[in-house]
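Residue-level listing of the chains:
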Amino acid sequence: MHVPLFSSRRDVLRSAGSGFGALALAALSAESDASDGPKIADPLGPKKPHFEPKAKRVIFLFMEGGPSHVDLLDPKPELTRQHGKPLPASFGKVLTPMGTGGNNLLASKRKFKKHGQSGMDFSDWLPHMAKCADDFTLLRACWADGLNHVGSVCQMNTGSILAGRPSLGAWALYGLGSVNRNLPGFVVFTEGSGQVFGGARVWGTGYMPATYQGTHFSSGVHPILNLAPPADVSPARQTDKLGLISELNAIHRRERSDDTELAARQAAYELAFRMQASAPEAVDLTQESDKTKEMYGLNRKETAEFGHRCLLARRLVERGVRFVQIYCGAGSQWDAHADIEGNHTKMCLRADQPSAALIRDLKQRGLLDDTLVIWGGEFGRTPMTEGVSGRDHNPYGFSMLMAGGGVKGGYTHGKTDEFGLNGVEGRAHVHDLHATILHLLGFDHTKLTFFHNGKDERLTDVKGNVVEEILA
């Protein structure tokens, strides 16, 4: 009789159906079932959150590179008065990536005004967003752990400065599921002018099944690459090909039942097939009025690209996409080490009008109340100068904006010191931001877990508190 050899210990355990392998599998299954979070086996369909959510979807406008809060949202008169002087000795040694902790203070050249009934501060770099002041919650004392872009972009996206953990969008999709089986539940827009620091890992799934990863849409008039089949491929031929791939993958999966990337790849084939019918309509901006296109700045060179992606984001969330992330300045283009005036003038021209248009458009369509919009970067910038007219990275105290989705409109939370270096009141760590976002989506961040390597992992690790003060 022929006795097949086992190729690995995993094959031995898989075949030992009545032995300790089955007992171990049963134990792991029981632990997974005991988890308070959604289970791996759940289909990628709508799921029930822990409690009634305020937000059903999220749009994260990510200003990569570190926008300067002291030039945009956090005016510091004392910084102006002390311009050219060193930071007071009472601040101690300040660690920055470029060693600028001992440099002189640099006053902002921007003019700030209070806007809306709330009197929220905006500089003249953000005139359009200033008109939405009463829709925003402004968090002024955010802080993070990383000094440099790679770790900090990673932390704002995944909760850790080290790569390999699931992204915020993946956790949202894992928790909520998708409500439109013909479109991805998590979409990421980058831009042609730069690569996001950390690449696809910052919208990936880490140890989760790859099914929950972000789907990358490119910039331009055809954001979904290779969506349409070649002219010589008929629908019948494509269906047959998909069926054959499914059969081959089923055979392959019998020997590799724990290969989540294979399952995700098969799901991607099937989703791509369904998207051929639904996605072209979702990204077709010819259906939008000229007035809407003008509002997003599609008729202006400076705003056309980012405005195009913001308008697509609104169309996608209308059609059930759970999480949309749009990078403005991919490749750290907000990174103003040498010339804060030149850099931020260019970047604010690109971001301001489309960002405000998205808020207004969602609001007039009745979508803002249950859509959480987030605006900000991975950290802020120092009040001390770098070189003659630049600013270094500042993770110790920076600003983030949120609108809609259950946050208070026209509310400012937290405070930085008199120069804008450190958060001193109402400090909110990245873990706190993530805990708050999950809360608005209907989840207790301590209970939205994924069983991995013998323990229940979560987005916020073992930290994080909901910023209760900003909840509507």
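The structure under discussion appears in the preceding block.
A brief look at the structure comes next. Worth saying up front: this structure is predicted, and the values here are computed from it rather than measured.

1. Comments concerning the nonpolar core
Logical step 1: Membership of the largest hydrophobic core comes to 54 residues, with the highest contact counts inside it found for Leu61 and Phe122.
Logical step 2: At nine residues, the largest contribution of residues to this core is made by helix H12 (residues 340-364).
Logical step 3: Counting 48 residues, the second largest nonpolar core, distinct from the first, contains Ala170, Trp171, Phe323 and Leu448.

2. A few points about the packing of helix H11 (residues 304-318) against H12
Logical step 1: Running from N to C, H11 and H12 point in directions that differ by 20°, and their axes come no closer than 8 Å. In terms of orientation, H11 lies roughly parallel with respect to H12. Crossing angle aside, the handedness with which H11 passes H12 is right-handed. Residues Phe306, Gly307, Cys310, Leu311, Arg314 and Val317 of H11 pack against Arg350, Ala351, Pro354, Ser355, Leu358, Asp361 and Leu362 of H12.
Logical step 2: Residue classes in the contact of H11 with H12 are distributed as eight nonpolar, two polar and three charged.

3. Re the pattern of salt bridges
Logical step 1: The tally for this structure, following the rule as stated, stands at 26 salt bridges.
Logical step 2: One salt bridge in this structure joins Asp74 and Lys76, with 3.5 Å as the shortest N-O distance.
Logical step 3: A relative accessible area of 2% means that Asp74 is categorised as buried.
Logical step 4: In the salt-bridge network here, residues are joined through shared partners; they are Glu281, Glu288, Arg314, Arg315, Glu318, Arg319, Asp361 and Arg365.

4. Things to note about the packing of aromatic side chains
Logical step 1: Taken as a whole and judged by the stated rule, the model has 12 aromatic pairs.
Logical step 2: Taking 6.2 Å as the distance between ring centres and 45° as the angle between the ring planes, the aromatic pair formed by Phe122 and Phe136 counts as tilted. Separated by 14 residues along the polypeptide, Phe122 in strand S3 (residues 120-123) and Phe136 in strand S4 (residues 136-143) bring together distant segments of the chain.
Logical step 3: Lying over the aromatic face of Tyr411, Lys408 brings its terminal NZ or CZ to 4.6 Å of the ring centre.
Logical step 4: Here Arg427 stacks its cationic end above the ring of Trp143, 4.3 Å away from the centre of that ring.

5. Focus on the state of the cysteines
Logical step 1: All told, the structure shown has zero disulfides when counted by the stated rule.
Logical step 2: Cys328 provides the cysteine sulfur closest to Cys310, a residue in no disulfide bond, and the two sulfurs are 8.1 Å apart.

6. Some details on the packing of helix H6 (residues 149-158) against helix H13 (residues 430-440)
Logical step 1: Running from N to C, H6 and H13 point in directions that differ by 30°, and their axes come no closer than 9 Å. Judged by the angle between their axes, H6 and H13 are roughly parallel. Residue-level inspection shows Gln155, Met156, Asn157 and Thr158 of H6 in contact with H13, the latter providing Val430, Leu433 and His434.
Logical step 2: Considering only residue class, the contact of H6 with H13 consists of three nonpolar, four polar and no charged.

Conventions used here
- Residues numbered from 1 in each chain as written.
- Predicted model: local features only at pLDDT ≥ 70, side-chain atom pairs only at ≥ 80, totals over all residues.
- Heavy atoms only, no water.
- Core = buried A, V, L, I, M, F, W, Y, C linked by side-chain atoms within 4.5 Å.
- Buried < 20%, exposed > 50% of the residue type's maximum accessible area, 1.4 Å probe, protein only.
- Helix = DSSP H or I, 4+ residues; strand = E, 2+ residues; numbered from the N terminus.
- Axes fitted to C-alpha atoms, helices over the stretch in contact; angles between N-to-C directions.
- Parallel < 35°, antiparallel > 145°, perpendicular 65-115°, else oblique.
- Left-handed = near helix turned anticlockwise from the far one by under 90°.
- Contact = heavy atoms within 4.5 Å.
- Nonpolar A, V, L, I, M, F, W, Y, C, P; charged D, E, K, R; others polar.
- Salt bridge = Lys/Arg side-chain N within 4 Å of Asp/Glu carboxyl O.
- Phe/Tyr/Trp six-rings, centres within 6.5 Å; stacked < 30°, edge-to-face > 60°.
- Lys NZ or Arg CZ within 6 Å of the ring centre and 35° of its normal.
- Disulfide = S-S within 2.5 Å.

In short, the description is geometric, and any link to function would need to be established separately.
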